[in-house]
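# Architecture and fold: a report
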Amino acid sequence: MGAVLTPSAVLQRPGVRRWGGLALAAVAVVGLYAANEFFWTWLYRDVFGLDIATGWASMLHFFSYDTVKIALLLIGIIFLVTVLRSFMTVERTRALLGGKREGVGNVMAAGLGVVTPFCSCSAVPAFIGFVASGVPLGVTMSFLIASPLVNEVAIALLLGLFGVGPTMMYVGAGLVIAIVAGLVIGRLKLERWVEPFVFETKLRGQVITSTVGLTWDDRIQMGIDEVISILRGIWPYLLVGIGLGAAIHGWAPEDFFATYAGSDNPFAVLIAVLVGVPLYSNAAGVLPIVDALYAKGLPMGTLLAFMMATVALSLPEMILLRRVLKPKLIAVFAGVTAAGIICVGYLFNAILV
Amino acid sequence: MNIKILGSGCANCHNLERVAREAVAELGLEATFEKVTDYADIAGYGIMRTPGLVVDEAVLVSGRVPTANQVKELITAHLG
């Protein structure tokens, strides 16, 4: 303080370096995003002299453009969401849900499922922690359904590929499904299908808030770490998804999918969900395919239902949940969620035509 | 000193153990390390996001992998 402000002295201030670095990174991401399509068109059409409107060249152009676009979107949004979420913890969520009745509790749980940092690998300790501390089973289920269904990767990609409208529809529908499915499971009184040890677990020790004492530098570092760890986890799905999307984009006949799964087929949503449930992928792998199918004329309701089924219900998560839930309850959980997704699919198809 | 690493064998649990061993070594402390992988035991500590770091039955970290320096500070503060 009070020292002469030379440029290098200003640059050495931690605040300037932190926020300046962040601003530069933001400008770089936005700049690359804006120049992306232009660059690939220039490279393939003008430099290599390819006809990027058809066949292989069209596929290559689409693949390159889509990969970069999706990667940039993921980097930006995962970073932002992780930093914001570092102010929220599962412990705080549980404290907010404790003592809430069903109904209000389900609505809050679904909302908190979206904003609480959570990965399905923690589904089991979180389930025990919630139920053992007295959060009702149905409310806990609302949280567990909303959390993977409405996640930052899905939101990032929907925003980038479809815009604000479909993103809000997806988020709204996801919340409603989580609330209603949790309410139904709560009403059915299925506590007997929870493994008994869950209710017997004694919570001892003081609960710590895991984010106490974090500095801005810590939170930014957490954002960077999360971007790296998510991208490392999903890139194979992403490349396969974009590859399939590019193949559909470049090769599938214009009306091939529309003929079999278009809005005329009353079973399209049902089939989309039945195909989507056993598919183990995440939003990053599914959305490029959804995008390409949409361009081929498939209705949005069918596509969103397919995506929700793939993202919300997965075999690995159910195997994990088997530690705390009896198979019957897992079946009810999957059945109620799938039914909700099917309803949403038909509803969107009816509204959006 | 007894140190427990809570988590069901995820990558972050290994990272946390590495960081904790580093911190203990730099502090020049004697510690026994133990892995807790049973979900009921983990939840019993009030932890809902793995990994967790428990030093002499006190939960110091949950849900993230801190740096070795942060663990050093936490352990020093806990002992002090």
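Residues numbered from 1 in each chain as written. Chains lettered and ligands numbered in written order. Predicted model: local features only at pLDDT ≥ 70, side-chain atom pairs only at ≥ 80, totals over all residues.

### A closer look at the sheet that holds strand β3 (residues 52–55) of chain B
Residues and elements named next belong to chain B. Operational definition: We call two strands paired when DSSP finds no fewer than two bridges between them. The helix count covers DSSP runs of H or I at least four residues long, the strand count covers runs of E at least two residues long, and both are numbered beginning at the N terminus. To get an axis, fit a line to the C-alpha atoms, keeping to the stretch in contact for a helix; angles then go from 0 to 180 degrees between the N-to-C directions. We call two residues in contact when their backbone-placed C-beta atoms lie within 7 Å.
With mixed pairing, 4 strands are arranged side by side in an open sheet as β2-β1-β3-β4. Each edge of the open sheet is held by one strand with a lone partner, namely β2 (32–36) and β4 (58–62). Ignoring which end each strand starts from, the neighbouring axes of this sheet average 20° apart. Alignment of β3 against β4, held across 4 bridges, turns out to be antiparallel. Across the sheet, residue Gly52 finds its bridge partner in β4, namely Ser62. Sheet strands in contact with helix α1 (residues 11–27) are β1 (2–6), β2 and β3, and its direction is about 160° off that of β1. Here helix α3 (residues 68–79) sits on the sheet in contact with β3 and β4, set at roughly 160° to β4.

### Observations concerning the interface of chain A and chain B
The cut-off we apply is this: Each residue gets one of three labels, nonpolar for Ala, Val, Leu, Ile, Met, Phe, Trp, Tyr, Cys and Pro, charged for Asp, Glu, Lys and Arg, and polar for the others, Gly among them.
On the side of chain B, 18 residues touch chain A, which itself brings 23 residues to the contact. Mapped by element, the contributors of at least two residues to the side of chain A that touches chain B are α4 (90–97) and α6 (123–132) of chain A. When residues in the side of chain A that touches chain B are grouped by element, the largest group, 6 residues, is from α6(A). Along the lines of polarity and charge, the residues of the side of chain A that touches chain B split into 12 nonpolar, 6 polar and 5 charged.

### Considerations on unusual backbone geometry
All names here are of chain B. Put simply, the rule is: Burial is judged by counting the other C-beta atoms within 10 Å of a residue's own C-beta: 20 or more makes it buried, 12 or fewer makes it exposed, and any count in between marks it as partly exposed, with every C-beta position built from the backbone.
The amide bond that connects Thr50 to the next residue, Pro51, takes the cis arrangement and shows omega of 0°. Its location among the elements puts Pro51 in the loop between α2 (39–44) and β3. Non-glycine residue Asp56 carries a positive phi angle of around 45°. Topologically, Asp56 is positioned in the loop between β3 and β4. The partly exposed category is assigned to Asp56, around which 13 C-beta atoms lie within 10 Å. Despite not being glycine, Glu57 shows a phi value in the positive range, around 70°. For Glu57, the position within the fold is in the loop between β3 and β4.

### Observations regarding the nonpolar core
Convention followed: Any nonpolar core is a set of buried residues, restricted to Ala, Val, Leu, Ile, Met, Phe, Trp, Tyr and Cys, that join up through C-beta atoms within 7 Å.
Grouped together as the largest cluster of nonpolar side chains are 120 residues, with contacts concentrated most on A:Leu157, A:Ala305, A:Met307 and A:Ala309. Ranked by residue count, the leading element in this core is helix α3 (residues 55–85) of chain A, at 11 residues.

### Describing the domain arrangement of chain A
All names here are of chain A. Here is the rule we go by: As used throughout, domain bounds are those supplied by an automatic or database domain assignment.
Structurally, chain A comprises domain 1 (17–85 + 216–251) and domain 2 (90–207 + 252–352). Relative placement of domain 1 and domain 2: their C-alpha centres are 26 Å apart. Domain 1 puts 21 residues into the contact, and the matching count from domain 2 is 22 residues. Those elements that place two or more of their residues in the side of domain 1 that touches domain 2 are α3 and α11 (216–251). The greatest single-element share of the side of domain 1 that touches domain 2, amounting to 12 residues, is contributed by α11.

### Digging into the packing of helix α13 (residues 268–276) of chain A against helix α17 (residues 327–352) of chain A
Residue and element names in this part refer to chain A. Put simply, the rule is: Comment on the angle field: the value is read as roughly parallel under 35 degrees, roughly antiparallel over 145, roughly perpendicular from 65 to 115, and oblique elsewhere. In this scheme the crossing of two helices becomes right-handed for a clockwise turn of the near helix relative to the far one and left-handed for an anticlockwise turn of less than a right angle.
Running from N to C, α13 and α17 point in directions that differ by 140°, and their axes come no closer than 9 Å. Here α13 lies oblique to α17, going by the angle between them. The chirality of how α13 crosses α17 is right-handed. Contact residues: Val269, Leu270, Ala272 and Val273 in α13; Ala338, Ile341, Ile342, Gly345, Tyr346 and Asn349 in α17. Per-class residue counts for the contact of α13 with α17 are 8 nonpolar, 2 polar and no charged.

### Some words on the packing of helix α14 (residues 283–295) of chain A against helix α15 (residues 300–312) of chain A
Residues and elements named next belong to chain A. Remark: α14 packs on α15, axes separated minimally by 10 Å, with the N-to-C direction vectors making an angle of 165°. Between α14 and α15, the angle is such that the two are roughly antiparallel. Seen along the crossing, α14 lies across α15 with a hand that is right-handed. Judged by residue contacts, Ala283, Val286, Leu287, Val290, Leu293 and Tyr294 of α14 engage Met300, Leu303, Phe306, Met307, Thr310 and Val311 from α15.

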